[in-house]
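Architecture at a glance
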Amino acid sequence: MGELIFQGMQVEEIDLTNKLQGEQQLNIEQRSSFNVKYTNDNKHCAATLTIDMMHKEKPMDFNFKVEVVGFMDIDGMMDRKEIHKSAYNELYPHVRALVMTLLVNAGLPPINIPKVKMDDSNIKIGGNGEENAGGLYS
């Protein structure tokens, strides 16, 4: 059994629109996606977590999107579904802290993004044969 070693993360996109006036109850709708790409030698991966949230009644007045990529080394042999779960568990706390910090510093309440339960039923592993000399693929 192997393990993932978190090497760091990079924010690839941040988008915030906040045109709400005065105190309002935020009725947030949230979508998220998570994807893991691997190097050809299966010794490294990049996990991308995208969070997209908006006010249900006023999506043009409040919306927020962040996309973060976490870089990890794969030490030993691991099943891709296990890598997917472990990568999410490694990256999620960093993204949650980032989102809370950004929103509070923007004058909004700290919105805690819910953690998705990763189990085998909601993980889809791509079996494409794409390879690109040292780059990452799904």
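Just so we're clear, the structure is a prediction, and the values are computed from it rather than from any experiment. (Residues numbered from 1 in each chain as written. Predicted model: local features only at pLDDT ≥ 70, side-chain atom pairs only at ≥ 80, totals over all residues. Heavy atoms only, no water.)

**A short note on the overall build of the protein chain**
So the rule is basically this: Under the DSSP-based scheme used, a helix requires at least four consecutive residues in state H or I and a strand at least two consecutive residues in state E, with every element numbered from the N terminus. Exposure is judged per residue with a 1.4 Å probe applied to protein chains only, and the accessible area is read against the type maximum: over 50% gives exposed, under 20% gives buried, and values in between give partly exposed. Residue contacts are counted whenever heavy atoms from the two residues lie within 4.5 Å of one another. Computed with the Shrake-Rupley method and a 1.4 Å probe, the accessible areas treat only the protein chains shown as cover for residues.
Looking only at helices and strands, one finds one helix and five strands in the protein chain. The buried share among the 138 residues of the protein chain stands at 35%. Considering only intrachain contacts with a sequence separation of at least 6, the fraction spanning at least 24 residues in the protein chain is 71%. About 8100 Å² of surface is accessible on the protein chain, with carbon and sulfur atoms providing 47% of the total.

**Overview of the side chain of Arg80**
Rules: Positive charges are assigned to Lys and Arg, negative charges to Asp and Glu, while His and the chain termini are left out of the count. Every case where a carboxyl oxygen of Asp or Glu lies within 4 Å of a side-chain nitrogen of Lys or Arg is listed as a salt bridge. Any N or O atom pair separated by 3.5 Å or less is treated as a polar contact, with the protein-specific requirement of one donor-capable and one acceptor-capable atom, and with residues adjacent in sequence counted only for side-chain atom pairs.
Turning to its location among the elements, Arg80 is positioned in helix α1 (residues 80-105). It is Asp79 that comes nearest to the buried, bridge-free Arg80 among opposite-charge side chains, at 8.0 Å. Only 2.8 Å separates the side chain of Arg80 from the side chain of Asn42, close enough to count as a polar contact.

**A closer look at a nonpolar patch on the surface**
To keep it simple, the criterion reads: Patch rule: a residue counts if its relative accessible area is over 30% and it has no salt bridge; like charges are joined within 9 Å, and nonpolar side chains (Val, Leu, Ile, Met, Phe, Trp, Tyr) within 5 Å.
On the surface, a cluster of nonpolar side chains totalling about 220 Å² of accessible area is made up of Met9, Val11 and Ile14. Position of Ile14 among the secondary structure elements: in strand β1 (residues 3-18). You can call Ile14 partly exposed: its relative accessible area is 44%.

**Examining the pattern of salt bridges**
With the rule as written, the count across this model stands at three salt bridges. Notably, a salt bridge pairs Asp52 with Arg31, separated by 3.0 Å at the nearest N-O pair. Placement of Asp52 in strand β3 (residues 44-55) and of Arg31 in strand β2 (residues 28-39) is noted, with a sequence separation of 21 residues between them. Overall, Arg31 belongs to the partly exposed group, its relative accessible area being 45%. Ionic pairing is found between Lys85 and Glu82, a salt bridge with its closest N-O pair at 3.1 Å. Within this pair, Lys85 and its partner Glu82 are both found in helix α1, separated by three residues, close to a single helical turn.

**Things to note about the pairing of strand β4 (residues 62-75)**
Defined as follows: We call two strands paired when DSSP finds no fewer than two bridges between them.
Across the 14 residues of β4, 10 count as buried, placing the element largely inside the fold. When β3 meets β4, the two strands line up antiparallel, connected through 11 bridges. Residue pairing across strands places Thr50 opposite Glu67, the latter belonging to β4. In sequence, β3 turns back onto β4 through a hairpin of six residues.

**A short note on unusual backbone geometry**
Located in the positive-phi region is Asn42, a residue other than glycine, with phi close to 60 degrees. Following the sequence through the fold, Asn42 ends up in the loop between β2 and β3.

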